[in-house]
Amino acid sequence: MTSITLHGAVEEIGGNKILIEDGDTKLFFDFGLSFGKYGDFFSHYLQPRRHSILSDYMDLGLLPNLSGLYRQDYEKRFRESSPEPNYDGVILSHPHLDHAGFLSYVRSDIPAYCSPGCKAILQVFEESSYGFHEYTRLKESFKIRESKRDSTKIVKDRSSVIPREVNIFKPNFKIDDITIHPFPVDHSVPGSNSFVIETSEGSIVYTGDIRFHGLKGNFSQFFVEKAAAFDPDILISEGTNIQDTKSYGELDLQQDLFSVLENVRGLVIVNFPVRDTDRMRSFIEGAKHTDRSLVINMRQAYTLKTLAENGVTHVPRLDEVKIFVPRKGWGVINDMNYPIEIQMQDYHSWENQFIEQNNSVTADEISSSPEKYIFRCDFFELKYLFDIKPPQESIYIRSITEPVDEEMELDQIKVDNWLKHFGLYPYIQLHCSGHASGYEIQEMVKQLNPKKVIPVHTEKPAEFSSFHGDVILKGLGEKYTLS
Ligand SMILES: [Zn+2]
Ligand SMILES: [Zn+2]
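From a predicted model like this one, the values you see are computed outputs, not experimental measurements. (Residues numbered from 1 in each chain as written. Chains lettered and ligands numbered in written order. Predicted model: local features only at pLDDT ≥ 70, side-chain atom pairs only at ≥ 80, totals over all residues. Heavy atoms only, no water.)

Participant: Summarise helix H5 (residues 116–128); cite the residues concerned and give the values.
Facilitator: With 13 residues, H5 ought to run about 18 Å at 1.5 Å a step, and its terminal C-alpha atoms sit 18 Å apart, in line with that. Every buried residue of H5 is listed here: Gly117, Cys118, Ala120, Ile121, Leu122, Val124, Phe125, Glu126 and Ser128. On its buried face, H5 sits against helix H4 (97–100), strand E5 (112–114), strand E6 (137–139), helix H9 (298–309) and helix H11 (349–355). (Helix = DSSP H or I, 4+ residues; strand = E, 2+ residues; numbered from the N terminus. Expected span 1.5 Å × (residues − 1). Buried < 20%, exposed > 50% of the residue type's maximum accessible area, 1.4 Å probe, protein only. Contact = heavy atoms within 4.5 Å.)

Participant: Summarise the coordination of the zinc ion (ligand 2); cite the residues concerned and give the values.
Facilitator: Here the zinc ion (ligand 2) is held by His94 (NE2), His96 (ND1), His187 (NE2) and Asp209 (OD), and the distances to it run 2.1 to 2.3 Å. Because the angles between the four donor atoms bound to the zinc ion (ligand 2) fall within 90 to 167°, the donor set is best described as irregular. Counting residues between consecutive donors of the zinc ion (ligand 2) along the chain gives the motif H-x1-H-x90-H-x21-D. The two metals, the zinc ion (ligand 2) and the zinc ion (ligand 1), are separated by 3.4 Å and share aspartate 209 as a common coordinating residue. A residue pair is termed long-range when its members are at least 10 positions apart, and histidine 187 in the loop between strand E12 (178–184) and strand E13 (193–199) and aspartate 209 in the loop between strand E14 (202–206) and helix H6 (217–228) qualify at 22 residues. Side by side, histidine 187 and aspartate 209 carry an identical accessibility label, which is buried. (Donors = N, O, S within 2.8 Å, 3.2 Å for Na, K, Ca; no water. Tetrahedral: all angles 85-135°; square planar, octahedral: opposite > 155°, others 65-115°.)

Participant: Got a sec to walk through the sheet that holds strand E19 (residues 360–361)? Specific residues and values, please.
Facilitator: The seven strands lie next to each other as E19-E18-E17-E20-E16-E21-E22, forming an open sheet whose pairing is parallel. This sheet does not close on itself; its edge strands, each paired only once, are E19 and strand E22 (428–429). Pairing of strand E18 (residues 322–324) with E19, which is carried by two bridges, proceeds in the parallel orientation. Each bridged residue has a counterpart across the sheet, and for isoleucine 323 the counterpart in E19 is serine 360. Sheet strands in contact with helix H8 (residues 277–289) are strand E16 (268–271), strand E17 (293–296), strand E20 (373–376) and strand E21 (395–398), and its direction is about 145° off that of E17. (Pairing = 2+ DSSP bridges. Axes fitted to C-alpha atoms, helices over the stretch in contact; angles between N-to-C directions.)

Participant: How would you summarise the coordination of the zinc ion (ligand 1) if you had to cite specific residues and measurements?
Facilitator: Donor atoms from the polypeptide that coordinate the zinc ion (ligand 1) comprise Asp98 (OD), His99 (NE2), Asp209 (OD) and His457 (NE2), at 2.1 to 2.2 Å from the metal. One way to put it: the four donor atoms around the zinc ion (ligand 1) meet at angles of 85 to 162°, and that makes the site irregular. Counting gaps between the donor residues of the zinc ion (ligand 1) yields the pattern D-H-x109-D-x247-H.

Participant: Please set out the packing of H6 against helix H15 (residues 438–448) residue by residue, giving values where relevant.
Facilitator: Contact geometry of H6 with H15 gives a least axis separation of 8 Å together with a crossing angle of 30°. Looking at the two axes, H6 sits roughly parallel to H15. In this structure, H6 contributes Gln221, Val224, Ala227 and Ala228 to the contact, and H15 contributes Met444, Gln447 and Leu448. Taken together, the residues of the contact of H6 with H15 break down into five nonpolar, two polar and no charged. (Parallel < 35°, antiparallel > 145°, perpendicular 65-115°, else oblique. Nonpolar A, V, L, I, M, F, W, Y, C, P; charged D, E, K, R; others polar.)

Participant: If you had to explain the sheet that holds strand E24 (residues 479–482) to someone new, which residues and values would you point to?
Facilitator: Spatially, the seven strands line up as an open sheet ordered E10-E5-E4-E3-E2-E1-E24, and their pairing is mixed. Pairing within the sheet leaves two strands with one partner each, and these edge strands are strand E10 (166–168) and E24. Each adjacent strand pair in this sheet contributes to an overall mean axis angle of 25°, direction not counted.

Participant: For the packing of aromatic side chains, give the residues involved together with the corresponding values.
Facilitator: By the definition in use, this model includes 31 aromatic pairs. Measuring from ring centre to ring centre gives 5.0 Å for phenylalanine 28 and phenylalanine 31, while their planes differ by 80°; the resulting arrangement is edge-to-face. Residue classification places phenylalanine 31 among the buried residues on the basis of a relative accessible area of 0%. Between tyrosine 302 and tryptophan 350, the ring centres sit 5.2 Å apart and the planes meet at 25°, which makes this aromatic pair stacked. (Phe/Tyr/Trp six-rings, centres within 6.5 Å; stacked < 30°, edge-to-face > 60°.)

Participant: How would you sum up the pattern of salt bridges? Please name residues and give values.
Facilitator: Taken as a whole and assessed by the stated rule, the structure comprises 28 salt bridges. We note a salt bridge from arginine 107 to aspartate 109, for which the minimum N-O separation is 2.8 Å. On the basis of relative accessibility, which here comes to 36%, the residue aspartate 109 falls in the partly exposed class. In this structure, lysine 153 engages aspartate 150 in a salt bridge whose closest nitrogen and oxygen atoms are separated by 4.0 Å. Residue class for lysine 153 comes out exposed when judged on its relative accessible area of 51%. The class of aspartate 150 is partly exposed, set by a relative accessible area of 29%. The network of salt bridges with common partners includes Asp186, Arg211, Lys216 and Asp278. (Salt bridge = Lys/Arg side-chain N within 4 Å of Asp/Glu carboxyl O.)

Participant: Can you explain the nonpolar core? Please cite residues and give values.
Facilitator: The biggest cluster of nonpolar side chains holds 40 residues, and the ones touching the most others in it are Phe31, Tyr57, Leu63, Leu69 and Tyr105. Mapped by element, the contributors of at least two residues to this core are helix H2 (53–59), H4, E5 and H5. Here this core takes five residues from H5, the largest share from any one element. Structurally, this core is a two-domain feature, drawing no fewer than three residues from each of domain 1 (2–243 + 435–482) and domain 2 (250–429). The residues touching leucine 69, leaving out its near neighbours within four places in the chain, are Phe28, Phe31, Tyr87, Tyr105, Val106, Arg107 and Ile110. Grouped together as the second largest cluster of nonpolar side chains are 31 residues, Phe272, Val321, Ile323 and Ile355 included. (Core = buried A, V, L, I, M, F, W, Y, C linked by side-chain atoms within 4.5 Å. Domains from an automatic or database assignment.)

This is the structure in structure tokens:
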């Protein structure tokens, strides 16, 4: 018997946790955080309780109440933990947190499977981001040990790390009787994949997040052609923009960007999503077109470096950009009154490698030749404008999505205040979505010609019925059986 159960992404964008069972084999496709539900209860200032996180999240419907799935150090805090795992693997479509973020709570003896790009980005999260990111290395909690200095004392033991097996996709790999064919597709982060899943009761296609209007639209098209040949029984399709008819693509954005940049004499400041390497490519091209250089932050530099080390292609190289070294901590970088060791202590160890690079730049360098740069500056980096001092005739390009909730709206008010303070208001909005338009989804469904469609990752799943005759709308945790 084969079944599909959605434990997330039902009438919401993100939080994908799709359980496919075939006989005794149980696989999760994605195990993501639902930003919507999370935001209903938590904020920057009201964080979850780490010690009871599993039971609290289950109580709020953020995690399904299943046994043999969660890491035992946390599960043992509120119930008996199963000695053996009940699931055979978690297959990640891509490294956005609404698809991969909750892998941190999955027990270490359940292996994960993903693309090299996805693994690289998860590694960057793990090594350089705040928050709970334990994908490949689980730091065991709630352990105690004797103090090394004084054996009569007991201390909290934070040293134990349990590795998780994170396997890189092979072209068609098998987990028990299920065969999985991953296909790289176009989306707004490297390492994105869609799947054909062959089960004993038929073939299932799962899109993950997909679009056709980015720089790798041909990848998505190739996937659709190949997947159609499997004569899919079920299509599990994202529908983020199901109501949008037009699609404004990355190349349209590049054209608009070029004409904006041609008329700027001061500094160009831009905010685009930190891990969107296609958008980074667009701004690199814009910079080349106008004799400027794109300046990215150290986390982005670390991401490009890690992607390259993992053999990921179709992403910018580190030598195509400049790396911004901001004043942090004591703010003594390049201050000769302080020894170099003290200067370096203002930075995380992973940042040190970028400080002395020949393509690193400081605020002073940008400030003295603003016409040479496009400076990427996100919400948290607005404070560096004090050092950069954008001159008159500088502009700010907002290259991220419109605010979708109250918290984003409040943040945007703060951004506007900063822009007004530095004479950068009004800003220019240039953005294209990471998701297929309704028209593109409709075309994809037509080509795949599946017998049934299960919409996910959309607030309007019923819209799919306007162009397909057999749309399955199941509630959260309701099992659908293939027959
Ligand atoms: Zn998503
Ligand atoms: Zn995504």
